[in-house]
Structures are given as structure tokens and as C-alpha cells.
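Secondary and tertiary structure notes
One-letter residues, chain by chain:
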Amino acid sequence: MKRIAIYPGSFDPVTNGHLDIVERGLKIFDKIIVAILYNPGKEGLFTVEERIEMLKVSLKKFPNVEIDTFDGLLVEYAKKRKAHGILRGLRALSDFEYEFQMALMNRKLNREVQTVFLMTGLRWIYTSSSIIKEAAQFGGNINGMVPALVQRKIKEKFAQTSTPDKRKSKMQKNDN
Ligand code: PNS
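This report concerns the structure included in the present document. Please read these numbers as outputs of a predicted model, since none were measured by experiment.

Topic: empty space enclosed by the protein
- Enumeration according to the criterion identifies one cavity of 30 Å³ or more in this entry.
- In this structure, the largest cavity encloses a volume near 30 Å³.
- In terms of lining, the largest cavity is formed by Leu74, Ile86, Arg88, Glu99, Met102, Ala103, Asn106, Thr115 and Phe117.
- Secondary structure elements with two or more residues in the lining of the largest cavity: β4 (85-90), α4 (96-109) and β5 (114-119).
- Broken down by element, the residue count for the lining of the largest cavity peaks at four residues, all from α4.
- Counted by class, the lining of the largest cavity contains five nonpolar, two polar and two charged residues.

Here you go:
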């Protein structure tokens, strides 16, 4: 039987930390479905279509990875996709409480789906999509934290919103 995991998230945008989790998750699962939460009420820096595109390019070397979107309850989506596990990365301690809460709620909602945590690689322990975007919006060097394509796309985004006020409002819509 093929072991399938859902790796859910906002991926706004994908970082090298996410890619590390996918690569290591593939050592446990036969297939990983990277599932972007579609949330019309929460506008990100990138549209869902842009996030899909960046994930596709970044993960093209892995044949057993699929990119998809979902809305509603994660466990319902996992059931629909016949997944056995939900894969999440854990960084610093600060992630723990939220992740613990979410995993327990998901377990209460569906006991058949197991949440599996992978500790983030040491190199990525302090990186997140939001901190990378924040650094980038003020011209900080995000080399090596995101795939090259993503780095270019972030730069383009902030070039489009070039005045400080526009940048600020773009970032405020965006708390990932
Ligand atoms: O990358 P993120 O933003 O930390 O991902 C959060 C995500 C998408 C995994 C989480 O918000 C989620 O699963 N949302 C779907 C609704 C749901 O099932 N919530 C958990 C139980 S109430």
C-alpha cells in the first residue's frame, strides 16, 4: 500500500525550509501532496496560482510530489485524498503550541489520519515565509533562504509596490 501524506500550508511563498521537509518526508512516505490552503478571506503576497507555479518549479525533481489546493477542514481533504498522514515541520519552540493544538484537533476530528512532525533542519530553524518577506521588503539579502525563482518573484512583487505605504499595506494583508 502506498503511504500518502498531505503537507498543508500557506506557502506564501515556498521557502528552502519547506523543500527540506518535503525531501525528508519522502523518506517516510511514498507520495506527498503539497496542499495550499485556499482562503479567499486572507490575501497573501502571492496569489494561489503564483504559489502553485513556484512550488511546481521548486519541486519538479521529485516525481512523487503533487501540488494541490484545498479549502475547509484539512482532515476532510486528507480523507478525500486517501492520505494516511499530515506532515508538518517544527522549527523553534514557538511553533510547538500552535502545532500541538492543531494536531490534537485534527486527531479529534479524524483518528485515522496521523500528524507527523519533522524537526526543521538547523539551517532553517529561524526562517519562515513571513520573516523572509519582511527582510526582502526592506531590501535585505534573502539569498539561500528561498529557491532562486522565488527570490526573483519576491523582488518583483516589492518593486511593484515600491512606495513604503503600499509596501506596508501589502505586508499587513499577509501574516504567514
Ligand atoms: O502554513 P500555515 O499557514 O501555518 O498552514 C496552516 C494550515 C493550512 C495547515 C491550517 O491553517 C489548516 O489546516 N487550515 C485548514 C482548516 C483546518 O482544518 N484547521 C485545523 C483544525 S480546526
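Some remarks on the pattern of salt bridges
- Within this structure, the stated rule accounts for nine salt bridges.
- Here Asp12 makes a salt bridge to Lys133, at a shortest N to O gap of 3.1 Å. With a gap of 121 residues between them, Asp12 in the loop between β1 (4-9) and α1 (16-25) and Lys133 in helix α5 (residues 129-137) connect regions that are remote in the sequence. Grouping residues by exposure puts Asp12 and Lys133 together as buried.
- Salt-bridge contacts for Arg81 lead to Asp68; the nearest nitrogen and oxygen are separated by 3.0 Å. Within this pair, whereas Arg81 is found in the loop between α3 (74-80) and β4, its partner Asp68 is found in strand β3 (residues 65-70), the two being separated by 13 residues in sequence.
- Given a relative accessible area of 23%, Asp68 falls into the partly exposed group.
- Connected through shared salt-bridge partners, Lys31, Glu66, Asp68 and Arg81 make up one network.

Conventions we followed
- Each residue is numbered by its place in its chain's sequence as written, counting from 1.
- The predicted nature of this model means local features are confined to residues of pLDDT at least 70 and side-chain atom pairs, given and counted, to a pLDDT of 80 or more, with totals for whole chains, interfaces and linings taken over all residues.
- Calculated side-chain values reflect all of the structure's heavy atoms, with hydrogen atoms and water omitted.
- Points on a 1 Å grid over protein atoms alone make up a cavity when a 1.4 Å probe fits among them but cannot get out, and a pocket when they form an open set with protein on both sides within 12 Å along at least five of seven lines; lining residues each have an atom within 4 Å of a point.
- Grid points are joined across faces, edges and corners, and a volume is the space filled by probe spheres set on the points.
- A run of H or I in DSSP becomes a helix once it reaches four residues, and a run of E becomes a strand once it reaches two; helices and strands are each numbered from the N terminus.
- Just so you know the grouping, Ala, Val, Leu, Ile, Met, Phe, Trp, Tyr, Cys and Pro go in nonpolar, Asp, Glu, Lys and Arg go in charged, and all remaining residues, Gly too, go in polar.
- By definition, a salt bridge exists where a carboxyl oxygen of Asp or Glu is found within 4 Å of a side-chain nitrogen of Lys or Arg.
- Partly exposed describes any residue whose relative accessible area lies between the buried limit of under 20% and the exposed limit of over 50%, with all areas from a 1.4 Å probe on protein chains only and scaled to the type maximum.

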